[in-house]
Each structure stands twice: as C-alpha cells, then as structure tokens.
Amino acid sequence: MYKLKNTIVRSIVAIIIGVVLIKWPRLAPNMIIIIIGILFIIPGAITLINYWIHRSKEGNKLPSYIMIESIGSILLGACMALIPEFFTAFFMYCLGFLLILGSLIQIISLINMRHITSISLYYYMAPILILIAGIIIILNPFETQDAILIMFGVCSIIYGLTEVINYYKLK
C-alpha cells in the first residue's frame, strides 16, 4: 500500500514540475540552480562549523582538507545562487556538446558497420538529427532552452498522468 501512495505523490510532483516548466521555462532552470547552490551551502557551512568545534577540542586533529572542502562547497553554492544564469548556460553548452559527441559516435559506428553489413541511409537519420540539435543548442543555448524545458514539462505531465491512471488500474 505504501508504494501505491508513493506513486500518487510522485505523480503529483511530476505534474506540478511539468506545469511549472511549461508556464515558466525561463525561470525554472535558474530556480533549480539556486536551489542546488543552497544545497551546497548548507552542508558546507555545517561541516565548517563542526570542523571548528572539533578543532578547538584538545587532542582532536581533523585533516585540513575538510575545511578546504567546506569553503569550496560554500563558495560554489554561493556562486550558483548568485549567478544562476552562468550555470544554466554552462549546462546548455554541455548538453549541446554531449549531443554532438553522441551523434558523431553513432555515425562513426554506422560507418564502421558498413564493412560488416549493408547499412541503409535510414539508419543515419537519427544521428544526423541529433547532431543538428546539438549544433543548434550550442549556437542558440537560450532560445533552445525554452523549447527543451517545455518538451520536458510535457513529458513530465504525461508521466504523472500515466502513473495516476496506472495507480487506479492497479488499485
């Protein structure tokens, strides 16, 4: 029964995320980056405080890398929270690069497979479309960001609705 209730919660969260991504595609990535930044700051600050508390106790020598990691976590989190646009752009460029890299690997694999068997041009269509999508993302990261997030939002809503329907079928 717990798993079924968990399914409803997961479905509702997916639908809410989908609606937010469709309604505010520009705002959503920055909010996600800010939340991730805060999630870096909190444990970094707690660890740094614990480091200083334990450091002041006699005979307790903690390694100094703990302090360095804590400060690094706090600084990264602060940067993410204060300038989320940079990290959003960085993510979009990484996504474009990964799409280009993946499509090139697929094309090279298909070319290598030609030596073993005949490959129809049909098989090259998907990697070429992925290559084009990667190039478009790198050339226009912010224009494509909205489209990608809206598409992800639609998929998230479909996922949530499908889970709800499956819940009631299994109940």
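Everything discussed here concerns the structure shown above.
What comes next concerns the included structure.

Rules and cut-offs
Residues numbered from 1 in each chain as written. Predicted model: local features only at pLDDT ≥ 70, side-chain atom pairs only at ≥ 80, totals over all residues. Heavy atoms only, no water. Disulfide = S-S within 2.5 Å. Buried < 20%, exposed > 50% of the residue type's maximum accessible area, 1.4 Å probe, protein only. Salt bridge = Lys/Arg side-chain N within 4 Å of Asp/Glu carboxyl O. Helix = DSSP H or I, 4+ residues; strand = E, 2+ residues; numbered from the N terminus. Patch = residues over 30% accessible without salt bridge, like charges linked within 9 Å, V, L, I, M, F, W, Y side chains within 5 Å. Areas by Shrake-Rupley, 256 points an atom, 1.4 Å probe, with all protein chains shown as cover. Phe/Tyr/Trp six-rings, centres within 6.5 Å; stacked < 30°, edge-to-face > 60°. Polar contact = N/O pair within 3.5 Å; in protein donor to acceptor, adjacent residues only side chain to side chain. Contact = heavy atoms within 4.5 Å. Expected span 1.5 Å × (residues − 1). Arc of directions from axis to C-beta.

### Considerations on the state of the cysteines
For step 1, the next point in the chain: One pass over the structure, following the stated rule, counts zero disulfides.
For step 2, the next point in the chain: Free cysteine: Cys79, not disulfide-bonded; nearest cysteine sulfur from Cys94 at 17 Å.
For step 3, the next point in the chain: The exposure class of Cys94 is partly exposed, given its relative accessible area of 29%.

### Thoughts on the pattern of salt bridges
For step 1, the next point in the chain: Considering all chains together, one arrives at two salt bridges under this definition.
For step 2, the next point in the chain: Arg10 is paired through a salt bridge with Glu163; the nearest N and O atoms lie 3.3 Å apart. Of this pair, Arg10 sits in helix 1 (residues 2–23) while Glu163 sits in helix 6 (residues 141–170); the two residues are 153 residues apart in sequence, bridging distant segments of the chain.
For step 3, the next point in the chain: Residue classification places Arg10 among the partly exposed residues on the basis of a relative accessible area of 35%.
For step 4, the next point in the chain: Looking at Glu163, the relative accessible area reads 17%, which means it is buried.
For step 5, the next point in the chain: Here Arg26 makes a salt bridge to Asp146, at a shortest N to O gap of 3.0 Å. Placement of the pair is Arg26 in the loop between helix 1 and helix 2 (27–56) and Asp146 in helix 6, with a sequence separation of 120 residues.
For step 6, the next point in the chain: The class for Asp146 is buried, based on a relative accessible area of 17%.

### Remarks on a nonpolar patch on the surface
For step 1, the next point in the chain: A cluster of nonpolar side chains, Tyr93, Phe97, Leu98, Leu101, Ile105, Ile135, Ile138 and Leu139, forms an exposed patch at the surface whose accessible area comes to about 760 Å².
For step 2, the next point in the chain: Of all the elements in the fold, those that place two or more residues in the nonpolar patch are helix 4 (84–113) and helix 5 (122–139).
For step 3, the next point in the chain: Among the elements that take part in the nonpolar patch, helix 4 stands out by supplying five residues, more than any other.
For step 4, the next point in the chain: Among the secondary structure elements, Leu98 is positioned in helix 4.

### Quick look at the packing of aromatic side chains
For step 1, the next point in the chain: Taken as a whole and assessed by the stated rule, the structure comprises three aromatic pairs.
For step 2, the next point in the chain: Taking the centre distance of 5.4 Å and the plane angle of 80 degrees together, the rings of Tyr51 and Trp52 count as edge-to-face.
For step 3, the next point in the chain: Judged by relative accessible area, Tyr51 falls into the buried class, the value being 2%.
For step 4, the next point in the chain: Ring centres of Phe86 and Phe87 lie 5.2 Å apart, and the angle between their planes is 85 degrees; on these two criteria the pair is classed as edge-to-face.
For step 5, the next point in the chain: Using a relative accessible area of 52% as the deciding quantity, one classes Phe86 as exposed.
For step 6, the next point in the chain: Phe87 gets classed as buried once you look at its relative accessible area, which sits at 17%.

### Here we look at the side chain of Asp146
For step 1, the next point in the chain: Within polar-contact distance, the side chain of Asp146 engages the side chain of Arg26 at 3.0 Å.
For step 2, the next point in the chain: When residues no more than four places from it in sequence are discounted, the contact partners of Asp146 are Pro25 and Arg26.

### Some remarks on helix 5
For step 1, the next point in the chain: The first and last C-alpha atoms of helix 5 sit 27 Å apart over 18 residues, in line with the 26 Å expected at 1.5 Å per residue.
For step 2, the next point in the chain: All buried positions along helix 5 are accounted for by Tyr124, Pro127, Leu131, Gly134 and Ile137. Around the axis of helix 5, the buried residues are gathered within 155 degrees of arc, so they sit on the same side. Structural note: helix 5 exposes Tyr122, Leu129 and Leu139 on the side pointing more than 90 degrees away from its buried face.

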